[in-house]
Amino acid sequence: MFGYSSKEFLDMSVRDLIHSDQRHLYDEILTEFRRTGRFSAESVVVQKDGTMIDVDIRGSVFSVKGEKHMLVIIRDISERKWAEEELKLTNQQLL
């Protein structure tokens, strides 16, 4: 999805993927994560080739045999965002 090798990706954090205009979201994500052990946000991330995509980012911490692990799911929502914008434009034209 991002164009990075597995090794490159494992050495990165969510902040490394978030577009520079939206890095403030990283601080909000981190604050929520520290408070609740989970986070959720929509953002724009940058692929290795520079392409920007809209994503939904969700994460949580869980324990397995006493060891803490973190699961982060990043879902491409570009088509949904495009459809929302098209719907807004259509509604504006009808008014």
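## Topic: the pairing of strand β2 (residues 52-64)
Alright, step 1. Summarising the sheet, strand β1 (residues 38-46) and β2 pair through nine bridges and their orientation is antiparallel. Along β2, the bridge assignment pairs V46 with M52.
Alright, step 2. The antiparallel hairpin formed by β1 and β2 contains five residues in its connecting segment, where G50 sits at a positive phi of about 95 degrees.
Alright, step 3. As paired elements, β2 and strand β3 (residues 67-76) share ten bridges and run antiparallel to each other. Paired with V55 across the strands is D76, a residue of β3.

## Some points on the nonpolar core
Alright, step 1. Listed in full, the twelve residues of the largest apolar core are F2, V14, L17, I18, I29, F39, A41, V45, I53, V55, I57 and I74.
Alright, step 2. Looking at this core, the elements that each hand over two or more residues are α2 (14-17), β1 and β2.
Alright, step 3. Apart from residues lying up to four places away in sequence, A41 is in contact with I29, V55, D56 and I57.

## A look at the environment of R35
Alright, step 1. Looking at the element boundaries, R35 is found in helix α3 (residues 24-36).
Alright, step 2. Spatially, the C-alpha atom of R35 lies 32 Å from that of E79, the residues being 44 residues apart in sequence.

## Here's the deal with the packing of aromatic side chains
Alright, step 1. One pass over the full model with this rule turns up two aromatic pairs.
Alright, step 2. On the numbers, 5.6 Å between centres and 15 degrees between planes, the contact of F2 with F9 is stacked.
Alright, step 3. Judged by relative accessible area, which is 34%, F9 ranks as partly exposed.

About the cut-offs
- Residues numbered from 1 in each chain as written.
- Predicted model: local features only at pLDDT ≥ 70, side-chain atom pairs only at ≥ 80, totals over all residues.
- Heavy atoms only, no water.
- Pairing = 2+ DSSP bridges.
- Helix = DSSP H or I, 4+ residues; strand = E, 2+ residues; numbered from the N terminus.
- Core = buried A, V, L, I, M, F, W, Y, C linked by side-chain atoms within 4.5 Å.
- Buried < 20%, exposed > 50% of the residue type's maximum accessible area, 1.4 Å probe, protein only.
- Contact = heavy atoms within 4.5 Å.
- Phe/Tyr/Trp six-rings, centres within 6.5 Å; stacked < 30°, edge-to-face > 60°.

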